[in-house]
Number of protein chains: 2
Amino acid sequence: MGIVMKGADVANAMKEELLQRVAGLKEKGVSPCLAILRVGARPDDLAYERGAKKRMELLGIDCRTVELPRDIRQEIFEEKLKELNEDGRVHGILLFRPLPGHLNEEAAKRIVDPGKDMDGMCPANVAKVFAGDDTGYAPCTAEAVIELLDHYKIPLSGKRVVVVGRSMVVGRPLSMLLLKRHATVTICHTRTRDLPGVCREAEILVAAAGKARMITQDMVGEQAVVADVGINVDEEGNMWGDVDFETVQEQASHISPVPRGVGSITTSVLAKHVVQAAERQTDNE
Amino acid sequence: MGIVMKGADVANAMKEELLQRVAGLKEKGVSPCLAILRVGARPDDLAYERGAKKRMELLGIDCRTVELPRDIRQEIFEEKLKELNEDGRVHGILLFRPLPGHLNEEAAKRIVDPGKDMDGMCPANVAKVFAGDDTGYAPCTAEAVIELLDHYKIPLSGKRVVVVGRSMVVGRPLSMLLLKRHATVTICHTRTRDLPGVCREAEILVAAAGKARMITQDMVGEQAVVADVGINVDEEGNMWGDVDFETVQEQASHISPVPRGVGSITTSVLAKHVVQAAERQTDNE
């Protein structure tokens, strides 16, 4: 039976380090601050916002929400974003996406200050993550997987890692973070032939496909490490990962559950980014 | 014995299409123009420049070289780059790299107009290539591999492709171009364990490691397609690919030679980018 990799354990370990760094900033008179920019009030966004606020509070990071009406005009939305860019008290910005259909998300990505772009959405950060440049911010969920594997002391260098999913928020950036750590990375997706065969070759398997319980026992090699990034909610409101946890756990050396796995680490990564941003913005003054 | 994939055949096929598009532009009164910005006079740069000029001439594309002294100051260099950005007659810019050590290459990457950045070096184009957005310009050598495989009608969708090398000019962007074409892509590098074993799994193997004849027969699966991006010059001035051509050819279904393989296609891709840029800049007027 594989060891269960618990998100809370990772978040707790990160908390200790982050508390120290926040204290260090406060000694310099800097109060790290995250601004959440939310358009409308989608339940998913509100749930994540509650979690983020709680995490920031726990770490002594200020968190303010700017809520904009769902039918806001592009110009006003862009103005608000620019105000946050220019506000010296705000170190990081989190913009909930997807934006309502009438808003131009690509334009928003180009407007946000790369140094405040906490979820790695702007081209400058995307390019840095692609290039393996540490000064860029990666999407929080992608980086959460690295935090999970590091916390459980899973070596990455030289390992065969298979990432199932090629999205811009998980699959692609995570592949680049793994490559930077010298893993041999294979990126799979819906068009991959013999997905079970490819997955079985993985020493570390990351499921980020967004399809409930698609990774079954026959797709996992003996003693593989399995990280599950899927969050799939069924009609009855139950949450499922991309991995069929019960059967895969028998096969794996380590496995992360859903819920209480990778998803419990993302707000800690967000907090880490805010602290990094505050430190960098302070050093640059 | 594998079929030899000849760069000249690909370049000739591209020529036919590009000549038509150049004619289309000229009918609209637009004369597509590439500006080459060269600092100093390194022999490699001069050799590439000669090839590029010849290719542009063949296709009816104007080509002008701006040569700057090796010891130029950053401010003057940046001014020249900005002049080319603003010059409406110039549709595309090729900047030879690496720049001399005293110049800030990262700054240059951020200055060049993404719409004129013919070798995909600026963050906006890097991010677009990473995201699979066709409006971005990829590095010419990476895209030359796609042109080669397409010309020889090698299907990519669902295929297992192994890319050896993770540079920002070939390995990484090429992996993303292949992913966009729905290949299952594995990225290998110096830290990969059992490189021969991983390479043998490839239906299409791309060698872009920069190490002469490192891909040997035992690393290539029966009937694999092998594309060689290596250009390695030995002490006697002989040019070698990353693939041990003679032995690997016995194994492969298709193989590209060095020289006269991928390297013979890069200036055609450069020309294609200039034509694309001229078309886009004309459409936007």
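Model, not experiment: these values are computed from the prediction.

Moving on, we come to the overall build of chain A. Counting its secondary structure elements, chain A contains 10 helices and 11 strands. Relative to a compact globule of 285 residues, whose C-alpha radius of gyration would be 19 Å, chain A shows 19 Å and is just as compact. For the C-alpha atoms alone, the extent of chain A along its principal axes is close to 50 × 45 × 35 Å. Residues classed as buried in chain A amount to 57% of the 285 residues present. Contacts spanning at least 24 positions in sequence make up 71% of the contacts within chain A whose residues lie at least 6 apart.

Right, let's get into the domain arrangement of chain A. Structurally, chain A comprises domain 1 (29-114) and domain 2 (140-263). Taking only C-alpha atoms, the centre of domain 1 of chain A and the centre of domain 2 of chain A are 29 Å apart.

Attention now goes to the UniProt feature "domain: Tetrahydrofolate dehydrogenase/cyclohydrolase NAD(P)-binding" (unreviewed entry) in chain A. Sequence positions flagged by UniProt for "domain: Tetrahydrofolate dehydrogenase/cyclohydrolase NAD(P)-binding" (unreviewed entry) are, in local numbering, residues 139-281 of chain A. Spanning residues 139-281 of chain A, this segment combines 36% helix with 17% strand, and its end C-alpha atoms are found 20 Å apart.

A word on the relation of the copies chain B and chain A. When chain B is fitted onto chain A, the two copies agree to an RMSD of 0.0 Å after a turn of 180° and an axial shift of 0.0 Å. In symmetry terms, the pair is related by a two-fold rotation axis. Proximity to the rotation axis, assessed at the C-alpha, singles out T186(B) in chain B; its C-alpha lies 2.0 Å from the axis. The residues that chain B uses at the interface reappear at the interface of chain A in 100% of cases, marking a shared surface.

Time to look at empty space enclosed by the protein. Residues and elements named next belong to chain A. This model, assessed by the stated rule, comprises three cavities of 30 Å³ or more. Here the largest cavity defines a volume of roughly 60 Å³. Residue contributions to the lining of the largest cavity peak at three residues, all from strand β4 (residues 92-95). Its residues assigned to classes, the lining of the largest cavity comprises seven nonpolar, no polar and three charged.

With that out of the way, let us pick up the UniProt feature "domain: Tetrahydrofolate dehydrogenase/cyclohydrolase catalytic" (unreviewed entry) in chain A. Residues annotated in UniProt with the feature "domain: Tetrahydrofolate dehydrogenase/cyclohydrolase catalytic" (unreviewed entry) correspond here to residues 5-119 of chain A. Secondary structure content for residues 5-119 of chain A is 50% helix and 16% strand, and the end C-alpha separation is 24 Å.

A few words now on the packing of helix α6 (residues 140-151) of chain B against helix α10 (residues 266-283) of chain B. All names here are of chain B. Across the interface, α6 lies against α10 with an axial gap of 8 Å and an inter-helix angle of 100°. Comparing their axes, α10 and α6 come out roughly perpendicular. Together, C140, T141, E143, A144 and E147 of α6 and T266, V269, L270, K272 and H273 of α10 make up the contact between the two elements. Here the residues of the contact of α6 with α10 sort into four nonpolar, three polar and three charged.

We now examine helix α3 (residues 74-86) of chain B. Residues lying three or four places apart along an α-helix face the same way, a consequence of the helix completing one turn every 3.6 residues. With 13 residues, α3(B) should reach 18 Å at 1.5 Å per residue; the first-to-last C-alpha distance of 18 Å fits that figure. Looking at the packing, one finds that the buried side of α3(B) touches β2 (33-39), β3 (62-68), β4 (92-95) and α4 (105-111) of chain B.

Residue and element names in this part refer to chain B. Mapped onto the fold, S175 is located in helix α7 (residues 171-180). Owing to a relative accessible area of 1%, S175 belongs among the buried residues under this scheme. Every residue in contact with S175, bar those within four places of it in the chain, is listed here: V163, V170, V185 and I187.

Residue and element names in this part refer to chain A. Across the 10 residues of helix α7 (residues 171-180), nine count as buried, placing the element largely inside the fold. By the burial criterion, the buried members of α7 are G171, R172, P173, L174, S175, M176, L177, L178 and L179. Positive backbone phi, at 70°, marks H182, one or two positions downstream of α7.

Before going further, it helps to examine the sheet that holds β3(B). All names here are of chain B. Strand order in the open sheet formed by three strands is β3-β2-β4, and the pairing between neighbours is parallel. Each edge of the sheet is formed by a strand with only one pairing partner; in this case those strands are β3 and β4. Taken pair by pair, the neighbouring strands of this sheet meet at an average axis angle of 20°, ignoring direction. Judged from the four bridges that link them, β2 and β4 form a sheet pairing that is parallel. Along β4, the bridge assignment pairs L37 with L95. Seen against the sheet, helix α2 (residues 43-59) touches β2, β3 and β4 and runs at an angle of roughly 170° to β2. The sheet strands contacting α3 are β2, β3 and β4, and the helix crosses β2 at an angle near 175°.

Turning our attention to the environment of G136(A). All names here are of chain A. Take G136: it is sitting in the loop between α5 (123-131) and α6 (140-151). The exposure class of G136 is buried, given its relative accessible area of 14%. As for G136 and G120, which are separated by 16 residues in sequence, their C-alpha atoms are 7.4 Å apart. Setting aside residues no more than four positions away along its own chain, G136 makes contact with N125 and K128.

Attention shifts here to the sheet that holds strand β7 (residues 204-207) of chain A. Taken together, 12 strands build an open sheet; the order of strands is β1(A)-β11(A)-β8(A)-β7(A)-β5(A)-β6(A)-β6(B)-β5(B)-β7(B)-β8(B)-β11(B)-β1(B) and the sheet is mixed. Both outer strands of the open sheet, β1 (3-4) of chain A together with β1 (3-4) of chain B, are each paired with one neighbouring strand and no more. Note that strand β5 (residues 160-164) of chain A and strand β6 (residues 184-188) of chain A share five bridges and pair parallel. Bridge pairing in β6(A) places V164(A) opposite C188(A).

Our focus in this paragraph is the packing of aromatic side chains. Residues and elements named next belong to chain A. A full pass over the atoms with the stated rule returns three aromatic pairs over all chains. Ring geometry for Y48 and F96: centres 6.1 Å apart, planes at 85°, overall edge-to-face. Note that Y48 is positioned in helix α2 (residues 43-59) and F96 in the loop between β4 and α4 (105-111), a separation of 48 residues in sequence. Given the relative accessible area of 8%, F96 is considered buried. Note that R213 overlies the ring of W240, its terminal NZ or CZ placed 3.7 Å from the centroid.

What counts, and at which threshold
- Residues numbered from 1 in each chain as written.
- Chains lettered and ligands numbered in written order.
- Predicted model: local features only at pLDDT ≥ 70, side-chain atom pairs only at ≥ 80, totals over all residues.
- Heavy atoms only, no water.
- Helix = DSSP H or I, 4+ residues; strand = E, 2+ residues; numbered from the N terminus.
- Rg over C-alpha atoms; globule rule 2.2 N^0.38 Å.
- Buried < 20%, exposed > 50% of the residue type's maximum accessible area, 1.4 Å probe, protein only.
- Contact = heavy atoms within 4.5 Å.
- Domains from an automatic or database assignment.
- UniProt positions renumbered as here; feature names shortened; annotations may be inferred.
- Least-squares fit on C-alpha atoms with pLDDT ≥ 70 in both.
- 1 Å grid on protein atoms, 1.4 Å probe; cavity = no way out; pocket = protein on both sides within 12 Å on 5 of 7 lines; lining within 4 Å.
- Points joined across faces, edges and corners; volume = space filled by probe spheres on them.
- Nonpolar A, V, L, I, M, F, W, Y, C, P; charged D, E, K, R; others polar.
- Axes fitted to C-alpha atoms, helices over the stretch in contact; angles between N-to-C directions.
- Parallel < 35°, antiparallel > 145°, perpendicular 65-115°, else oblique.
- Expected span 1.5 Å × (residues − 1).
- Pairing = 2+ DSSP bridges.
- Phe/Tyr/Trp six-rings, centres within 6.5 Å; stacked < 30°, edge-to-face > 60°.
- Lys NZ or Arg CZ within 6 Å of the ring centre and 35° of its normal.

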